[in-house]
Amino acid sequence: MSRQRSPRSPLRIALVTALAAATIVIVGQPASAVPSSTVVVSEAYGGGGNSGATLTNDFIELQNRSGAAVDVTGWSVQYHPAGSGSWQSTPLTGTIAPGAFYVVTEAKGTGGTVPVPGQATGTIAMSGTGGTVALVTNATALNCQDSSACQTAALDLIGYGAAAIAEGAPVPGASNTASVARKTTADTDSNVADFAAGDPTPGAAGTVVDPPPPTEPPVPGPLRIHDLQGASFVSPLNGQSVTNVPGIVTAVRAAGSSRGFYLQDPTPDMNPATSEGIFVFTSTPAVAVGDSVVVSGTVQDFYAGGTPDVATTLSTTEITRPTVAKISSGNALPAPEVITPTTVPELYAPDLGGANIETTPITPTRSALDFWESREGMRVEVDDARVIGPTSSFGEQFITTKPAKKASYRGGSVLTAENATPSGRVQIVPVIPNVQVSVGDVYSGATVGPVDYSQFGGYLIAATQLGTVSPGGIAPVVATTPAARQLSIATYNVENLAPGDAPSKYAALAKGIVTNLAAPDIIAVEEIQDNDGASNTPVVGADATILKLTDAVVAAGGPRYSSREIDPADDKDGGQPGGNIRNVFLFNPARVTFVDRGAATADRTNTATGVTGYFGNPSLTLSPGRIDPTNTAWTTSRKPLVGEFRFRGLPVFLVANHFNSKGGDGNADGRYQYPVRSSEVQRQQQALLVHNFVQSILKKNPLAQTVVLGDLNDYQFSPALKVLKTGKADGTGRPLLIDLIATLPNSQQYTYVYQGISQVLDHILVTPGTYLTGSVDYQVIHINSEFANQTSDHDPQVVRLFGSYRR
C-alpha cells in the first residue's frame with residue numbers, strides 16, 4: 001500500500017436534503033457559551049434513601065422551557081461522580097410538553113418513606129453531596145473528563161458539591177435532605193448563579209407551569225455570513241459569539257459524526273473573497289432545506305486534521321453550539337454558482353516557500369485553494385462533470401471542472417510535475433449513497449451542492465443533486481501476447497495479500513495475471529504478506545500465501561509459477577503491522593530458469609548479495625539476495641530482492657523493489673504550500689543503493705541485461721527517480737537506467753489514481769544495453785486504479801524484451 005490514510009474524516013458521511021417533518025421553532029444545542037433555551041436540567045438530588053432522607057430515590061428533573069413539545073426519545077441523563085470515574089447513563093423516551101417537568105427516578109436507597117414517581121427510571125446511585133448531571137441528546141455514555149469538553153458534548157450540565165465538572169463553579173449545599181434546583185428562569189450557564197440548594201421537589205407526571213409568552217419573530221442581528229467568513233482563510237471572528245446570523249438552509253447533514261446544516265445568505269456582498277455560506281455544527285439539526293433561520297452561537301475554525309497548532313489541513317469556518325430560530329419555511333434556495341472550465345484558476349496552490357497560506361489574504365484568482373475557500377459553504381453547480389477518481393470505499397469520488405486540462409487518455413487527470421495538482425480536480429460526496437462510478441464516467445446534467453473541505457482530498461462539493469451517470473466505457477487493458485522469442489516481465493503490487501483474503505480476490509488477481517498481463521514469464525510481486533496475514537505473531541514465512549496465489553493462477557488457466565523470496569525479519573520491513581510484506585519473484589519454469597546461488601542463513605543475517613565474476617560475465621554472490629539489507633536506508637522498509645535468471649541461455653538480472661511510502665509528507669491540499677516531502681529523503685537513499693548495485697553489474701558487463709522494477713512510491717520526475725537513473729538528485733549524472741513509463745506520451749504516464757490524480761508510483765527501468773538489445777514493448781495494464789471495483793489499488797505493468805534478439 002503506497003498512500004497512508006488516517007481515521008475516518010468527519011465529512012465521510014452522506015448528506016440529506018431534508019429532515020422528516022419537524023415543527024420545533026427554537027432548537028437548543030450543546031452549550032457552554034450559549035445557554036439552552038429548550039429542555040434544561042431543573043433539579044438534581046442524590047440523597048434519596050440515605051440517612052435522614054424522606055424520599056426513597058435519587059432523581060433528576062428536566063423542564064421544557066420552550067413553547068413547543070420536545071421529543072426526548074433517544075436522549076439520556078448522565079451522572080459523573082465528584083472524583084474520578086466514568087459517566088453512567090439512563091435513556092429517555094417520550095415527549096415533554098411546553099413548560100412541563102420530566103422526572104427521571106434513579107437508584108433507591110434503604111431509607112426514606114416517600115417514593116419518587118417519574119417518566120423514566122434508571123439505576124444510577126448518585127452521591128448526595130457531590131457529582132455532575134448532564135442532559136445529552138443521545139444515549140451513549142460520555143467519555144469527557146473536563147468541564148469544557150463535557151459542556152460541548154451535553155445539552156445542559158450541572159455540577160454540585162465537590163464536582164470537578166460543572167458550568168462555572170459547582171453548586172454548594174447538596175446533602176441527604178437537600179437537592180439543587182434552579183432558582184432563576186434564565187439559563188446563564190453558571191451553575192452557582194442558576195441553582196441553589198433546598199428541599200427536594202420532584203415534579204409530578206404532567207405538571208405544567210405557564211409556558212413563556214409568545215415571542216416576536218426573530219430579527220436578524222448586525223452580522224452576516226460574509227462577516228463571519230471574512231476575506232481570510234481563518235475567520236476574523238474565530239472564537240467569538242455571534243447573534244441571529246440570518247440565512248437559508250441549503251442542505252442538512254443528519255447522520256455521521258459531524259452533523260449540522262449549511263446556511264447561505266441570499267443577499268451577498270460585493271467582495272469576491274468573502275463566502276456567503278457556512279456550516280452550522282449541531283448534533284440535532286432540526287431544520288429543513290428552505291427554512292429561513294437566524295443562528296446564534298460561537299464562530300469556530302474547525303481543523304479535521306487536529307488542533308490548530310498541529311494540523312496541516314485547512315480549516316472549515318463553522319457556527320458551533322448554536323441556537324436556531326426559524327423565521328419561515330419553503331423558501332427558494334440561493335442560485336448555485338455555475339463552475340465552468342475557466343472559473344477556477346489554473347494554479348492549484350501558490351508557492352509560498354512552505355509558509356502557511358492562512359497568513360495570506362484570500363485571492364480567488366490566485367489558485368484553486370483560494371477560489372474554493374472563497375466559496376466555502378456556498379452552493380455551486382458543475383455541469384456534465386467527468387469523473388477522474390472512482391468511488392472509494394468511503395463513498396468519495398472526484399470530478400474535474402477542466403475536462404480538457406491534463407487529461408489522461410482514459411479520462412483521468414494526470415500529474416505532470418511536482419506540486420502540479422490538476423486545478424480542475426474537486427471531490428464529490430454525493431447525497432445518494434452507493435453511487436459507483438469509474439474514471440471517464442460523466443454526471444450528465446447538473447451536480448449541485450455546497451462547498452466543504454476534507455482532510456482527504458481537499459475541497460469538496462457536498463452534492464445534494466447529481467447528474468445522471470453516463471458510463472465512460474473504459475475497459476480493463478489487455479496486454480499484447482508476447483512472441484515466443486520475447487521475455488515478458490511484469491510488476492504487480494497486490495495490496496497486502498494474505499491467506500485469509502477472500503477467494504474472490506485471489507481469483508481476480510489470477511485473472512489479471514493470466515488474461516490481462518498475458519501470463520508473464522517473470523512477475524515481481526509486492527505486498528505479499530506472511531502466512532497469518534496481519535496477525536502480529538512471530539510468523540514470517542509466506543509459502544501459504546504464495547501457494548494460494550499460484551494455485552489461483554493455474555485455476556485461471558495460467559502456468560504453474562515457481563517462486564523465490566527471502567522472509568523478512570519480523571516487523572522490520574514496514575507495512576501493515578504483523579503482515580511482514582515482502583517482494584516475491586514468480587516465474588514460469590517452462591520459459592525461464594532461476595539461477596540459485598548461495599543461500600541466505602536461516603536467521604536472515606546473511607542475505608546481502610554482491611556482484612562477482614569476470615569482465616563480460618557478471619554473476620551474483622547470492623541469488624536470491626538483497627541489496628545491503630542492514631543499511632539504515634532500509635529501516636522499516638522493504639529490502640530489494642535481487643535474482644539472476646536465464647532466458648534462452650541469456651543471463652538476466654532483476655531487482656524487485658518496494659521503496660518506503662509517502663507517509664508523513666505534507667498535505668498537498670493543506671495549509672503549508674508547497675508542502676514538505678519528508679519521506680523522499682529515505683527514497684533517495686534507497687535509490688542510490690540500487691543505482692550503485694546496478695552500476696556494479698554494468699562494470700562487469702556494460703551490456704548486461706538488467707531490469708529494475710516495482711513500487712518505487714515516487715513519480716517519474718521525482719528526485720528519487722533521478723537518483724536511481726543517474727546517481728544524482730538533480731538528474732545531471734550519466735543515465736544508468738531508462739524509466740519506461742517516461743517513454744510514453746504524458747497522457748499515458750500513470751499507474752495509480754489517488755484522490756482523483758492519475759500518477760506514477762510503479763516503474764520498470766532497464767539498462768541502456770537492455771533497451772537497445774532488440775525491441776522493447778512496454779504497457780501499463782489499467783485494471784484497478786480507475787475502477788470502483790478494485791482488486792488492488794495499483795495497476796500492474798509489463799515489458800516484453802528481446803523481440804529481435806538472436807542468441
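All of these numbers come straight from a predicted model, not from anything done at the bench.

1. Section: the overall build of the chain
Turning to step 1, where the next piece is worked out: Each helix and strand counted, the chain has nine helices and 44 strands in total.
Turning to step 2, where the next piece is worked out: Judged by the C-alpha coordinates and their principal axes, the chain covers about 105 × 65 × 45 Å.
Turning to step 3, where the next piece is worked out: Relative to its 807 residues, the chain shows a buried fraction of 56%.
Turning to step 4, where the next piece is worked out: Taking contacts inside the chain between residues at least 6 apart in sequence as the whole, the part at least 24 apart equals 70%.
Turning to step 5, where the next piece is worked out: Accessible area of the chain: about 29000 Å², with a carbon and sulfur share of 56%.
Turning to step 6, where the next piece is worked out: Distance between charge centres in the chain, computed from 51 positive and 66 negative side chains, equals 13 Å.

2. Comments concerning the sheet that holds strand β9 (residues 120-121)
Turning to step 1, where the next piece is worked out: Taken in spatial order, the six strands line up as β9-β8-β3-β2-β12-β13 in an open sheet, and their pairing is mixed. A strand with exactly one partner marks an edge of an open sheet, and here the two such strands are β9 and β13 (195-198).
Turning to step 2, where the next piece is worked out: Sheet topology note: the strand β8 (residues 101-108)/β9 ladder contains two bridges and is parallel. Bridged to Thr-105 within β9 is Thr-121.

3. As for the sheet that holds strand β43 (residues 777-780)
Turning to step 1, where the next piece is worked out: Spatially, β29-β30-β28-β27-β44-β43 is the arrangement adopted by the six strands of the open sheet, whose pairing is mixed. The open sheet has two edge strands with one neighbour each: β29 (562-565) and β43. On average, each strand axis in the sheet is tilted by 20 degrees relative to the strand beside it, whichever way the strands run.
Turning to step 2, where the next piece is worked out: Looking at chain direction, strand β27 (residues 487-497) and strand β28 (residues 522-528) are connected through six bridges and run parallel. When the sheet's bridge partners are listed, Ile-489 is paired in β28 with Ile-522.

4. A look at the state of the cysteines
Turning to step 1, where the next piece is worked out: In this structure the tally under the stated criterion is one disulfide.
Turning to step 2, where the next piece is worked out: There is a disulfide in this structure between Cys-144 and Cys-150, and the S-S distance comes to 2.2 Å. Looking down the S-S bond of the Cys-144 and Cys-150 bridge, the torsion is 115 degrees, so its handedness is right-handed.
Turning to step 3, where the next piece is worked out: Taking the relative accessible area as the measure of exposure, Cys-150 reaches 0% and is therefore buried.

5. Concerning the pairing of strand β12 (residues 179-182)
Turning to step 1, where the next piece is worked out: Pairing between strand β2 (residues 39-45) and β12: two bridges, direction antiparallel. In the strand pairing of β12, Ala-44 is matched with Val-180.
Turning to step 2, where the next piece is worked out: By the bridge criterion, four bridges tie β12 to β13 in an arrangement that is antiparallel. Each residue of the ladder has a partner; that of Ala-181, found in β13, is Ala-196.

6. Some remarks on helix α8 (residues 719-726)
Within an α-helix, residues lying three or four positions from one another point in the same direction, as the helix has 3.6 residues per turn.
Turning to step 1, where the next piece is worked out: α8 sits mainly inside the fold: seven of its eight residues count as buried.
Turning to step 2, where the next piece is worked out: Lining the buried residues of α8 we find α7 (680-700), β38 (705-711), β39 (738-739) and β42 (762-766).
Turning to step 3, where the next piece is worked out: One or two positions beyond α8, positive phi appears at Gly-727, with a value near 90 degrees.

7. Things to note about the packing of helix α5 (residues 503-516) against helix α6 (residues 543-555)
Turning to step 1, where the next piece is worked out: Contact geometry for α5 and α6: axes closest at 8 Å, N-to-C directions at 60 degrees. The orientation of α5 with respect to α6, classified from their angle, is oblique. Considering how the two elements wind past one another, α5 and α6 form a crossing that is right-handed. Residues Tyr-506, Leu-509, Ala-510, Ile-513 and Val-514 of α5 touch α6, and the partners they reach there are Thr-545, Lys-548, Leu-549, Ala-552 and Val-553.

8. Details of the environment of Pro-403
Turning to step 1, where the next piece is worked out: Tracing the backbone shows Pro-403 in the loop between β22 (397-400) and β23 (425-430).
Turning to step 2, where the next piece is worked out: On the accessibility criterion, Pro-403 (35% relative accessible area) is partly exposed.
Turning to step 3, where the next piece is worked out: Each C-alpha atom of the pair Pro-403 and Pro-91 lies 53 Å from the other, and the pair is 312 residues apart in sequence.

9. Focus: the confidence of the model for the chain
Turning to step 1, where the next piece is worked out: Taken residue by residue, the chain gives an average pLDDT of 90. The fraction at 70 or more is 92%.
Turning to step 2, where the next piece is worked out: In the predicted structure, residues 1-34 sits below a pLDDT of 50 and forms 133 contacts with residues beyond four places in sequence or in another chain.
Turning to step 3, where the next piece is worked out: Counted against residues more than four places away or in other chains, residues 204-212, with its pLDDT under 50, gives 16 contacts.

10. Brief notes about the side chain of His-782
Turning to step 1, where the next piece is worked out: Structurally, His-782 can be placed in the loop between β43 and β44 (797-801).
Turning to step 2, where the next piece is worked out: Not counting residues within four places of it along the chain, the set of residues in contact with His-782 comprises Tyr-409, Arg-410, Ala-475, Pro-476, Val-477, Tyr-750, Phe-787 and Asp-795.

11. Brief notes about unusual backbone geometry
Turning to step 1, where the next piece is worked out: Pro-624 follows Ser-623 through a cis peptide bond whose omega is 5 degrees.
Turning to step 2, where the next piece is worked out: Along the chain, Pro-624 falls in the loop between β33 (617-620) and β34 (625-626).
Turning to step 3, where the next piece is worked out: For the bond running from Gln-673 to Tyr-674, omega is -10 degrees, close enough to zero to count as cis.
Turning to step 4, where the next piece is worked out: Checked against the element boundaries, Tyr-674 lands in the loop between β37 (672-673) and α7.
Turning to step 5, where the next piece is worked out: Despite not being glycine, Asn-244 shows a phi value in the positive range, around 50 degrees.
Turning to step 6, where the next piece is worked out: For Lys-406, which is not glycine, the phi dihedral falls at a positive 50 degrees.
Turning to step 7, where the next piece is worked out: Its location among the elements puts Lys-406 in the loop between β22 and β23.

12. Structural notes on the pairing of strand β11 (residues 156-160)
Turning to step 1, where the next piece is worked out: Among the five residues of β11, five are classified as buried, and the element is accordingly described as predominantly covered.
Turning to step 2, where the next piece is worked out: Summarising the sheet, strand β10 (residues 131-136) and β11 pair through five bridges and their orientation is antiparallel. Note that in β11 the partner of Gly-131 across the bridge is Tyr-160.

13. Observations regarding the packing of α7 against α8
Turning to step 1, where the next piece is worked out: Direction vectors running N to C along α7 and α8 enclose 10 degrees, while the axes themselves pass 8 Å from each other. Judged by the angle between their axes, α7 and α8 are roughly parallel. Remark: the crossing between α7 and α8 carries right-handed chirality. Counted together, Glu-680, Arg-683, Gln-684, Ala-687, Leu-688, Val-690 and His-691 of α7 and Pro-719, Ala-720, Val-723, Leu-724, Lys-725 and Thr-726 of α8 form the full contact between these two elements.
Turning to step 2, where the next piece is worked out: Of the residues belonging to the contact of α7 with α8, the class tally is seven nonpolar, three polar and three charged.

14. Quick notes on empty space enclosed by the protein
Turning to step 1, where the next piece is worked out: Tallying each qualifying case throughout the model produces five cavities of 30 Å³ or more.
Turning to step 2, where the next piece is worked out: Taken as a whole, the second largest cavity encloses approximately 60 Å³ of empty space.
Turning to step 3, where the next piece is worked out: In terms of lining residues, the second largest cavity is bounded by Ile-566, Asp-573, Ile-581, Arg-582, Asn-583, Arg-626, Arg-638, Lys-639 and Leu-641.
Turning to step 4, where the next piece is worked out: The class makeup of the residues in the lining of the second largest cavity is three nonpolar, one polar and five charged.

Thresholds applied
- Residues numbered from 1 in each chain as written.
- Predicted model: local features only at pLDDT ≥ 70, side-chain atom pairs only at ≥ 80, totals over all residues.
- Heavy atoms only, no water.
- Helix = DSSP H or I, 4+ residues; strand = E, 2+ residues; numbered from the N terminus.
- Buried < 20%, exposed > 50% of the residue type's maximum accessible area, 1.4 Å probe, protein only.
- Contact = heavy atoms within 4.5 Å.
- Areas by Shrake-Rupley, 256 points an atom, 1.4 Å probe, with all protein chains shown as cover.
- Lys, Arg positive; Asp, Glu negative; His and termini not counted.
- Charge placed at Lys NZ, Arg CZ, Asp CG, Glu CD.
- Pairing = 2+ DSSP bridges.
- Axes fitted to C-alpha atoms, helices over the stretch in contact; angles between N-to-C directions.
- Disulfide = S-S within 2.5 Å.
- Parallel < 35°, antiparallel > 145°, perpendicular 65-115°, else oblique.
- Left-handed = near helix turned anticlockwise from the far one by under 90°.
- pLDDT = per-residue confidence, 0-100.
- Nonpolar A, V, L, I, M, F, W, Y, C, P; charged D, E, K, R; others polar.
- 1 Å grid on protein atoms, 1.4 Å probe; cavity = no way out; pocket = protein on both sides within 12 Å on 5 of 7 lines; lining within 4 Å.
- Points joined across faces, edges and corners; volume = space filled by probe spheres on them.

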